[in-house]
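Survey of secondary and tertiary structure
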Amino acid sequence: MRGGSAYTWVFFLVFGWSIAIGIAEFLATQLGFPYTWTTPLAVVMMGAVLFLVYRGYSVHAWLLAACLAFILIAGVAVLRAVTVSEPNIPDMYLTEFETNADRASEFWDYGYGMDFTVEYDAERTSYLIWSYAYGGVDYPTPLVVEFPPFTAAGGQWAFVSGSLRLRGAVAGTFTASPEDQTRRLDTVLFEADSEQMITKPIMQLQVPLPGTDTRDPVRATATMEIAYALADGSTETTTLTRDFEIIVASLDYYYTYYDRYQNWENSRRVTNPSLLIALAVGSVIAAGASIYLWRTGDLRAGANASGLQMVIRRLSGAQQLGAEV
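These numbers were taken from a predicted model, which means no experiment stands behind them. Each chain has its residues counted from 1, following the order in which its sequence is written. Reporting in this predicted model follows two pLDDT cut-offs: at least 70 for local features of residues, and 80 or more for side-chain atom pairs to be given and counted; totals over whole chains, interfaces and linings ignore these cut-offs and use all residues. In computing side-chain values, all of the structure's heavy atoms are included and hydrogens and water are not.

**Quick word on the overall build of the protein**
For clarity, the threshold we go by: To qualify as a helix, a DSSP run of H or I must reach at least 4 residues; to qualify as a strand, a run of E must reach at least 2; elements of each kind are numbered from the N terminus. Buried, partly exposed and exposed residues are distinguished by accessible area as a fraction of the type maximum, computed with a 1.4 Å probe on protein chains only: under 20%, between the cut-offs, and over 50%, respectively. What sets the accessible areas is the Shrake-Rupley method with a 1.4 Å probe; for residues, cover comes only from the shown protein chains.
A count of helices and strands for the protein gives eight helices and 10 strands. Taking all 325 residues of the protein together, 39% fall into the buried category. Accessible surface computed for the protein: about 17900 Å², of which carbon and sulfur atoms make up 59%.

Take a look at the structure:
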């Protein structure tokens, strides 16, 4: 490698860096290492590889380095799993993370390109809502409010009117626009149906939420008038109401609290019995292999051209044909 061409070095560095980054990201995902460790880990791996290649170490030295690296990484992962303390996260955020992991991952993956549904649950009254706003400037956020189960013929219903009243950091009454509704009275054709079915009516509206965390819950009262079908196909109207609380989350949620929670959760994953056993068994095997290689392997620098050094020489043009022994 010492006499290799510049093209060989460029190819080796680009290709090797891609592999190193991939391995570092895998460790961060599977073993709970912080993502801030990704680049330093990749740099260390690339440095070790370049050193082994440049000095011309044999394949025995490569295997010994791999075994020692596995033992070190497994030890660090287990140590983090048993020593990393739970992050200080507000109770409301922590409840949301623990009970709605899928929803939290949607926030992280898709950010702004989604609506937010305040689902109905008889045992739940508080909801964490991500705000579109920045810098404290209010910006309309699309909300979908789901009402308690309602029984109607064929489960047929249509939106007539609705509003959302907020009290707290956000105050005021916001009217739902008929154009935003998926089941408006002028678009639903009611049909006679004697079978009674349960449905959950929903209302969509735009609410100007603040660009900062509210911390304290905003009290909300949702009201919607609907028309629903009777068994003979005629309709009647009724008013549905629902009370709940909203906590508005901004960048603290997206970049800080959720990131801390995910890092903590990933670090605890190592304590899973199956993964812990795999790391323990792998470390024992790697330790035995390290002792064997240390005692019997050819670990001298530049002692021969076996292993990766021979491949590098072929790529660089130093060896055009044949194999070295």
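**Quick word on the side chain of Q156**
Cut-off, in case you're wondering: Polar contacts, as used here, are pairs of N or O atoms within 3.5 Å; protein pairs need one atom able to donate a hydrogen and one able to accept it. Residues neighboring in sequence count only if both atoms are side-chain atoms. Should any heavy atoms of two residues lie within 4.5 Å, those residues are counted as being in contact.
For Q156, the position within the fold is in the loop between strand 4 (150-153) and strand 5 (157-167). In this structure Q156 comes out as buried when scored by relative accessible area, which is 13%. Only 3.1 Å separates the side chain of Q156 from the backbone oxygen of A153, close enough to count as a polar contact. Beyond its immediate stretch of four places on either side in the chain, Q156 contacts R183, L189, F190, E191, D193, A227, Y228 and A229.

**Describing the packing of helix 3 (residues 59-83) against helix 7 (residues 273-296)**
Operational definition: Comment: axis = line fitted to C-alpha atoms, over the contacting stretch for helices; angle = value between 0 and 180 degrees taken between N-to-C directions. Crossing handedness: left-handed means the near helix sits turned counterclockwise from the far one by under a right angle, and right-handed means the same turn made clockwise. Residue polarity is assigned by list, with Asp, Glu, Lys and Arg as charged and Ala, Val, Leu, Ile, Met, Phe, Trp, Tyr, Cys and Pro as nonpolar; anything else, Gly included, falls into the polar class.
Contact geometry of helix 3 with helix 7 gives a least axis separation of 9 Å together with a crossing angle of 145°. Note on packing geometry: the crossing formed by helix 3 with helix 7 is left-handed. Contact with helix 3, carried on its side by H60, L63, L64, C67, L68, F70, I71, A74 and V78, involves L276, L279, G282, S283, A286, A287, A289, S290, L293 and W294 of helix 7 and no other residues of that element. By residue class, the composition of the contact of helix 3 with helix 7 is 15 nonpolar, four polar and no charged.

**A look at the nonpolar core**
Basically, it comes down to this: Nine residue types can take part in a nonpolar core, namely buried Ala, Val, Leu, Ile, Met, Phe, Trp, Tyr and Cys, and a core is a set of them joined through side-chain atoms within 4.5 Å.
L164, L205 and F244 are the most contacted members of the largest nonpolar core, which has 31 residues in total. At the level of elements, strand 1 (116-118), strand 2 (126-130), strand 3 (139-146), strand 4, strand 5, strand 8 (202-209), strand 9 (218-229) and strand 10 (235-249) are the ones that each hand at least two residues to this core. With six residues, the single largest contributor to this core is strand 9. With near-sequence residues (within four places) excluded, L164 lies in contact with L143, G172, T173, F174, L205, V207, A220, T221, A222 and F244.

**Some remarks on helix 2 (residues 38-55)**
Inclusion rule: Multiplying 1.5 Å by the helix residue count minus one yields the expected span of that helix. To be clear, the arc concerns the directions from the helix axis to the C-beta atoms.
Here helix 2 is 18 residues long and its end C-alpha atoms lie 26 Å apart, about the 26 Å a rise of 1.5 Å per residue gives. For helix 2, the set of buried residues is T38, A42, M46, L52 and V53. One side of helix 2 holds all its buried residues, which, seen down the axis, span an arc of 130°. One or two residues past the end of helix 2 sits G56, with phi positive at roughly 70°.

**A short note on helix 7**
If you check helix 7, its first and last C-alpha atoms are 34 Å apart, about what 24 residues at 1.5 Å a residue would give, namely 34 Å. Of the positions making up helix 7, those classed as buried are L279, G282, S283, A286, S290 and L293.

**Let's talk about the environment of I198**
Among the structural elements, I198 can be located in strand 7 (residues 196-199). Spatially, the C-alpha atom of I198 lies 6.2 Å from that of P149, the residues being 49 residues apart in sequence. Non-local contacts of I198, meaning those with residues more than four positions away in its chain, are made with P149, F150 and T151.

**Structural notes on the pattern of salt bridges**
We apply this condition: Salt bridge, as used here: a side-chain nitrogen of Lys or Arg that lies within 4 Å of a carboxyl oxygen of Asp or Glu.
Under the definition given, this model contains two salt bridges. Here E146 ties to K200 by a salt bridge, and the two come within 3.9 Å at their closest N and O atoms. Highlighted residues: E146 in strand 3 and K200 in the loop between strand 7 and strand 8, separated in sequence by 54 residues. The salt bridge involving R184 is made with D186; its shortest N-O contact spans 3.3 Å.

**Notes on the sheet that holds strand 8**
Heads up, the condition is: Each pair of strands is called paired provided DSSP finds at least two bridges between the two strands.
The sheet built from three strands is open, its strands ordered 1-3-8 with mixed pairing. Strands with a single pairing partner mark the edges of an open sheet, and in this sheet they are strand 1 and strand 8. Looking at each pair of strands side by side, their axes are set apart by 35° on average, direction ignored. The pairing of strand 3 with strand 8 spans eight bridges and is antiparallel. Within the sheet, the bridge partner assigned to L143 lies in strand 8 and is L205.

**Considering a nonpolar patch on the surface**
For the record, the criterion: A patch is a set of surface residues, each over 30% in relative accessible area and not in a salt bridge, joined within 9 Å for like charges and within 5 Å for the nonpolar side chains Val, Leu, Ile, Met, Phe, Trp and Tyr.
Residues F11, F15, I19 and I23 make up a contiguous nonpolar surface patch of about 390 Å² in total accessible area. Position of I23 among the secondary structure elements: in helix 1 (residues 6-31).

**Examining the sheet that holds strand 9**
To summarise the sheet geometry, strands pair through backbone hydrogen bonds and adopt either a parallel or an antiparallel arrangement. Spatial ordering of the open sheet is given by 2-10-9-5-6, a layout of five strands whose pairing is mixed. Edge positions in the sheet fall to strand 2 and strand 6 (172-175), since each of these pairs with one other strand and no more. Here the strands of the sheet are splayed against their neighbours by 30° on average, with no regard to which way each runs. In this sheet, strand 10 lies alongside strand 9 in antiparallel orientation, the contact comprising 12 bridges. Pairing of R219 across the sheet is with E245, part of strand 10.

**Looking at the side chain of R242**
What counts is decided by this rule: We count Lys and Arg on the positive side and Asp and Glu on the negative side, and we leave His and both chain ends out.
Following the sequence through the fold, R242 ends up in strand 10. Comment: no salt bridge for buried R242; closest opposite-charge side chain is E146, at 5.9 Å. Among the polar contacts made by the side chain of R242, one reaches the main-chain carbonyl oxygen of E119 at a distance of 2.7 Å. Of note is the side chain of R242, whose polar atom sits 2.5 Å from the backbone oxygen of E146. Leave out the neighbours within four places in its chain, and R242 touches V118, E119, Y120, D121, Y127, V145, E146, F147, A220, T221 and A222.

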